[in-house]
Amino acid sequence: MSQKQNITDVLMVGATGSIGRFAVEAAQRHGLRPRALVRDLRRGEELLPGVELVRGDLEDLASLRSAVGGADAIVLTHGSGGDPETRRRVDYGGVRNILQALDGPQPRLALMTSIYATRSDIPGNSPWKRRSERLLRASGLPYTIVRPGWFDQAGPTQRRLVLEQGGTADGGIARDQIAETLVRSLLTNTALGKTFELIATEGEEPSDWAELFGTLEADESGSVDGVSDPADLPVAAEPQAVRADLDAVLSVRSLHGTSG
């Protein structure tokens, strides 16, 4: 896993969403230059005044090739919230297409998925976010994967962040806290190569982010799963198309000589 990079230009995927807009603000607050990926430039200008925009669609690989160019880092807060097919095309397909669009310098990525990403026991839950995580780990790129709890289910005095691993956490989190964690992960070396669930409890905001991330275990090198993830979705039993996507990412990784 690559060490800390000098990060200035950050491509924001999902920038016009409710988490993405907070992430853009967090990036600006930390002295970064956010560039928002949008499908509709006019709507982007209304929601993100003064922010650099780049037109692109997560389902259109060709449109992403120029969008990712020059990015030192990418923050992905996109999410469909729809049926399993939409989640396949957007939640999973968006990550696959971003990885396929990258060529040349390799950016650092912060990916938002879900606290239930590995929970096969939750009715109506789908494995597509977990599959998107696997693609990112297989890529060999420097990454952090954040699995936030229930949006807005944290009170105003619940500002203490709790980071857990293993897929058993449950709880709420404010949207600005998710965004801040994603951006901080780009700027904190102890967040590299880690996957965690994120909730908030009663208490103060963190003052030492390096220590906060440093308490976590890193994902095992060479594994497509997060540390302590349940072994209930074996790659060998996955649909052929999913396995082919993983193989394609691993092939590119080998070509570029990146290592986990």
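Placed above this text is the structure.
Owing to the predicted nature of the structure, the values given are computational and were not obtained by experimental measurement.

### Details of the overall build of the protein chain
Each helix and strand counted, the protein chain has 8 helices and 10 strands in total. For the protein chain, the C-alpha radius of gyration of 17 Å lies close to 18 Å, the compact-globule estimate for 260 residues. When its C-alpha atoms are laid out on the principal axes, the protein chain stretches across 45 × 40 × 35 Å. Taking all 260 residues of the protein chain together, 51% fall into the buried category. The contacts in the protein chain between residues at least 6 apart in sequence include a share of 74% that link residues at least 24 apart. Of the accessible surface of the protein chain, which amounts to about 11500 Å², a share of 47% is contributed by carbon and sulfur atoms. Between the centroid of the 29 positive side chains of the protein chain and the centroid of its 36 negative side chains there is a distance of 3 Å.

### Observations regarding the packing of aromatic side chains
For the structure on display, the rule yields 4 aromatic pairs. Measuring from centroid to centroid gives 5.7 Å for Tyr116 and Trp150, while their planes differ by 85°, and the two rings are edge-to-face. With Tyr116 in the loop between β5 (108-112) and α5 (128-139) and Trp150 in strand β7 (residues 150-151), the pair connects residues that are 34 residues apart, well separated along the chain. When its relative accessible area of 46% is taken as the criterion, Trp150 is described as partly exposed. Judged by centre distance (5.7 Å) and plane angle (45°), the ring pair of Trp209 and Phe213 falls under tilted. Here Phe213 and Trp209 lie together in helix α7 (residues 209-214), a separation of 4 residues that amounts to about one turn. Residue classification places Trp209 among the buried positions, given a relative accessible area of 8%. For Phe213, a relative accessible area of 0% gives the class buried.

### With respect to the layout of surface pockets
A volume near 1000 Å³ is recorded for the largest pocket. Lining the largest pocket are 43 residues, and of these His78, Gly79, Ser80, Gly81 and Asp91 sit closest to its centre. Elements represented by at least two residues in the lining of the largest pocket include exactly β2 (33-38), α2 (41-47), α4 (84-101), α5 and β7. When residues of the lining of the largest pocket are assigned to their parent elements, the largest contribution, 3 residues, is made by α4.

### Quick notes on α5
The end-to-end C-alpha distance of α5, which contains 12 residues, comes to 17 Å, matching closely the 16 Å that a straight helix rising 1.5 Å per residue would cover. For α5, the buried fraction is high: 12 of the 12 residues fall into the buried class. Buried residues of α5: Trp128, Lys129, Arg130, Arg131, Ser132, Glu133, Arg134, Leu135, Leu136, Arg137, Ala138 and Ser139, and no others. Directly beyond the C-terminal end of α5, a positive phi value near 80° is found at Gly140.

### Notes on the sheet that holds β5
Pairing in this open sheet of 8 strands is mixed, and the strands run β3-β2-β1-β4-β5-β6-β10-β8 from one edge to the other. Every other strand in the sheet has two partners, leaving β3 (52-55) and β8 (160-164) as the edge strands with one partner each. On average, adjacent strands in this sheet sit at an angle of 25° to one another, irrespective of strand direction. Bridge analysis of strand β1 (residues 9-13) against β2 gives 5 bridges, and the strand direction is parallel. Across the sheet, the residue bridging to Leu11 is Arg35, located in β2. On top of the sheet, helix α6 (residues 175-186) reaches β1, β4 (73-76), β5, β6 (143-148), β8 and β10 (194-201); it is set at about 160° to β5, its chief contact.

### What to know about the nonpolar core
Formed by 36 residues in total, the largest nonpolar core has its most connected members in Val10, Leu161 and Leu163. The biggest single contributor to this core is α6, with 5 residues. Contact partners of Leu161, with chain neighbours within four places excluded, come to Ile173, Gln177, Thr181, Leu198, Ile199, Ala200, Pro206, Trp209 and Leu212. Counting 30 residues, the second-largest nonpolar core is a separate cluster that includes Leu11, Ala71, Leu135 and Leu246.

### Re the pattern of salt bridges
One pass over the structure, following the stated rule, counts 22 salt bridges. When the shortest N-O distance is used, the salt bridge between Arg96 and Asp245 registers 3.6 Å. Of the two residues, Arg96 sits in helix α4 while Asp245 sits in helix α8 (residues 240-256), which places them 149 residues apart along the sequence. Taking the relative accessible area as the measure of exposure, Asp245 reaches 17% and is therefore buried. The closest approach of N and O atoms between Arg130 and Asp225, which form a salt bridge, is 3.5 Å. A residue pair is termed long-range when its members are at least 10 positions apart, and Arg130 in helix α5 and Asp225 in the loop between α7 and α8 qualify at 95 residues. What makes Arg130 buried here is its relative accessible area of 3%.

Conventions used here
Residues numbered from 1 in each chain as written. Predicted model: local features only at pLDDT ≥ 70, side-chain atom pairs only at ≥ 80, totals over all residues. Heavy atoms only, no water. Helix = DSSP H or I, 4+ residues; strand = E, 2+ residues; numbered from the N terminus. Rg over C-alpha atoms; globule rule 2.2 N^0.38 Å. Buried < 20%, exposed > 50% of the residue type's maximum accessible area, 1.4 Å probe, protein only. Contact = heavy atoms within 4.5 Å. Areas by Shrake-Rupley, 256 points an atom, 1.4 Å probe, with all protein chains shown as cover. Lys, Arg positive; Asp, Glu negative; His and termini not counted. Charge placed at Lys NZ, Arg CZ, Asp CG, Glu CD. Phe/Tyr/Trp six-rings, centres within 6.5 Å; stacked < 30°, edge-to-face > 60°. 1 Å grid on protein atoms, 1.4 Å probe; cavity = no way out; pocket = protein on both sides within 12 Å on 5 of 7 lines; lining within 4 Å. Points joined across faces, edges and corners; volume = space filled by probe spheres on them. Expected span 1.5 Å × (residues − 1). Pairing = 2+ DSSP bridges. Axes fitted to C-alpha atoms, helices over the stretch in contact; angles between N-to-C directions. Core = buried A, V, L, I, M, F, W, Y, C linked by side-chain atoms within 4.5 Å. Salt bridge = Lys/Arg side-chain N within 4 Å of Asp/Glu carboxyl O.

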